[in-house]
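Residues per chain are reported as follows:
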Amino acid sequence: MKIAIIGQGYVGLTISSFAAEFFEVVGFDSNPKIVEQLNLGQSHIEGVDSLILSRWVKSGRYTATTAGSDINDCEIVIIAVPTPLTENRQPDLTYLESACKTIGENLKMSALVINESTSFPGTLRNFIKPAIEKYSSPQVDHLYAISPERVDPGRTDFNQKNTPRLYSGLTAEASVRTKEFYAKFCDNLIEVSSPEVAEAAKLFENTFRQVNIALVNEFAQIAHALGISVYETLDAANTKPYGFMKFNPSAGVGGHCIPVDPTYLAAVAEEHGAPATFIRRANEVNLEMSEYIVRRVIEDNGGNLQGKNVLVVGVAYKPNVADVRETAAELVIQHLRSQGAVVSWHDEVVGNWRGESSAPLQGADITVIVTKHDSVDEKKILASAPYVFDTTGKVKGAKGL
Ligand SMILES: NC(=O)c1ccc[n+]([C@@H]2O[C@H](COP(=O)([O-])OP(=O)(O)OC[C@H]3O[C@@H](n4cnc5c(N)ncnc54)[C@H](O)[C@@H]3O)[C@@H](O)[C@H]2O)c1
């Protein structure tokens, strides 16, 4: 069976690498550079091994393409394109719309279309299906289903095989075919009663994280004001064997999922006249954390950062990945610069970002650790400046939250 996966990023390429063992996979992506690299067997995603990818490319099990016509005889099409926020921080479904256009214009026979992109309840039924139908010939009647993706890039203990997966079709036949498909490479499939439940569950999972991260970020500020250690207090609370789950404070909340998905939930809630108070406030608390950190650094450095060389260590949104989407480092750097600091950053996993390159880990007046990759030596960080502020709680000997 030939399948197509629209979008070859973190989600799409990960699925491709698992599915290629059982199906012939066409990886469609609108970015020609990514496609060229993938066809050389070079993975651009942590967790997808280039050796495995090369094997699939050489054997013809996997081909990347920018040509929509290459998907025309696929029996299953999976959508894995970005669902970010607009500049006004509203849901942006333009990538999804363009993926639907590709599917509608090119799929010549009826297929099963599964959405893995995260979006608000009703997206499959009220947006994806009509958008595809707008571009397809009336003779083609697709089946539609949702199976929200739960991949956590860089994680090794949970993968496509052992992470339980929710799914639901718009029809019973779509649900049965979706289960058959994922059962090839996922051990635990959970059917829910409607696509809307699956869509909402995915948003709620990430909103749960966002709200709890905001709570612990607020608590870090309370603990500091009270003169107690936030980390010791959290460890103490975590000795309770039930009813508590530990989250760690940080410079904000990074990644394209945790800061973005709750806004999709808030937008749909407010559209239906329901409150989204916690979600909106949690987002604000997380965004304000960068300002709080800069305030703490200023307090410790004579009340002024004018002309000081500040090195930000780690600009990826989390350790051991090169992904900088919505990274908290961006706001930290912005606030430092607004205080007159001369800011550079060190992150060899990211390398280049916003026209700047990773600076050497040395010679600063002040170092602020935002993300600590495993490959970065703690001693070198501590030696990089006379004052080191650690927002991660990982580097002993540095000042911290
Ligand atoms: N990355 C994660 O950890 C994760 C986890 C769960 C869910 N998700 C969700 O999955 C979806 C995809 O996220 P991602 O992290 O894989 O994004 P990504 O940016 O890593 O990859 C998306 C890919 O889609 C391509 N693309 C964009 N528009 C396209 C189009 N119209 N046609 C074909 N290709 C197109 C881009 O070039 C890019 O390569 C999003 O909705 C995201 O919220 C992501």
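Residues numbered from 1 in each chain as written. Predicted model: local features only at pLDDT ≥ 70, side-chain atom pairs only at ≥ 80, totals over all residues. Heavy atoms only, no water.

*Asks:* Would you mind going over the overall build of the protein with me for this structure?
*Replies:* Each helix and strand counted, the protein has 12 helices and 15 strands in total. A compact globule built from 401 residues would reach a C-alpha radius of gyration of about 21 Å, and the protein, at 23 Å, matches this within 12%. Looking at the protein residue by residue over its 401 residues, the buried ones come to 50%. Long-range pairs, those at least 24 residues apart, make up 68% of the contacts in the protein with a sequence separation of at least 6. Once the 37 positive and 48 negative side-chain charges of the protein are each reduced to a mean point, those two points are 3 Å apart. (Helix = DSSP H or I, 4+ residues; strand = E, 2+ residues; numbered from the N terminus. Rg over C-alpha atoms; globule rule 2.2 N^0.38 Å. Buried < 20%, exposed > 50% of the residue type's maximum accessible area, 1.4 Å probe, protein only. Contact = heavy atoms within 4.5 Å. Lys, Arg positive; Asp, Glu negative; His and termini not counted. Charge placed at Lys NZ, Arg CZ, Asp CG, Glu CD.)

*Asks:* Where do I start with the site of the ligand in this structure?
*Replies:* Not every one of the 27 residues close to the ligand is listed here, only the nearest: V11, D29, T83, S98 and T118. In the environment of the ligand, a nitrogen atom lies 2.5 Å from a nitrogen or oxygen atom belonging to the side chain of S98. Here the ligand loses 91% of its free accessible area of 830 Å² to cover by the protein chains. At the level of secondary structure, the elements contributing two or more residues to the shell around the ligand comprise α1 (10-19) and α4 (94-106). The element contributing the most residues to the shell around the ligand is α4, with three residues. Considered class by class, the residues forming the shell around the ligand number 13 nonpolar, 10 polar and four charged. (Near = heavy atom within 4 Å. Polar contact = N/O pair within 3.5 Å; in protein donor to acceptor, adjacent residues only side chain to side chain. Areas by Shrake-Rupley, 256 points an atom, 1.4 Å probe, with all protein chains shown as cover. Nonpolar A, V, L, I, M, F, W, Y, C, P; charged D, E, K, R; others polar.)

*Asks:* Help me out: how do you make sense of the packing of helix α10 (residues 277-300) against helix α11 (residues 328-338) in this one?
*Replies:* For any two helices packed against each other, one specifies the crossing angle of their axes together with the interaxial distance. Remark: α10 packs on α11, axes separated minimally by 9 Å, with the N-to-C direction vectors making an angle of 45°. By the angle between their axes, α10 is oblique relative to α11. The two elements α10 and α11 meet at a crossing, and its hand is right-handed. Counting all contacts with α10, which are made through L287, S290, E291 and V294, the residues of α11 involved are L331, V332, H335 and L336. Its residues assigned to classes, the contact of α10 with α11 shows five nonpolar, two polar and one charged. (Axes fitted to C-alpha atoms, helices over the stretch in contact; angles between N-to-C directions. Parallel < 35°, antiparallel > 145°, perpendicular 65-115°, else oblique. Left-handed = near helix turned anticlockwise from the far one by under 90°.)

*Asks:* Mind showing me how you'd approach the environment of P32 here?
*Replies:* Turning to its location among the elements, P32 is positioned in helix α2 (residues 32-39). The class for P32 is exposed, based on a relative accessible area of 54%. P32 sits 32 residues away from A64 along the chain, and the two C-alpha atoms are 9.4 Å apart.

*Asks:* How should I be thinking about helix α9 (residues 261-271) in this particular structure?
*Replies:* An α-helical turn contains 3.6 residues, so any two residues separated by three or four positions project in the same direction. The buried count for α9 comes to nine of 11 residues, which makes it a mostly enclosed element. All buried positions along α9 are accounted for by D261, P262, T263, Y264, L265, A266, A267, V268 and A269. In this structure, the buried residues of α9 make contact with α7 (195-226) and α10. One or two residues past the end of α9 sits G273, with phi positive at roughly 75°.

*Asks:* Sorry, what's going on with the pairing of strand β2 (residues 24-28) here?
*Replies:* In terms of burial, β2 is largely enclosed, as four of its five residues are buried. Sheet topology places strand β1 (residues 2-6) next to β2; five bridges connect them, and they run parallel. Looking at the pairing, I5 lines up with G27 of β2. Chirality of the crossover, the property in question, places the unit of β1, α1 and β2 among those that are right-handed. Bridge count for β2 against strand β3 (residues 62-65) is four bridges, and the pairing is parallel. If you follow G27 over to β3, its bridge partner there is A64. (Pairing = 2+ DSSP bridges. Right-handed = clockwise from strand over helix to strand, strands pointing away.)

*Asks:* How should I be thinking about the side chain of S43 in this particular structure?
*Replies:* If you trace the backbone, S43 turns up in the loop between α2 and α3 (50-59). Engagement of the side chain of S43 in a polar contact is seen with the backbone oxygen of I45, the distance being 3.1 Å. Polar contacts involving the side chain of S43 include one to the main-chain carbonyl oxygen of V48, which spans 2.7 Å. Those residues in contact with S43 that lie beyond four places of it in its chain are L13, Q37, L38, V48, D49, S50 and L53.

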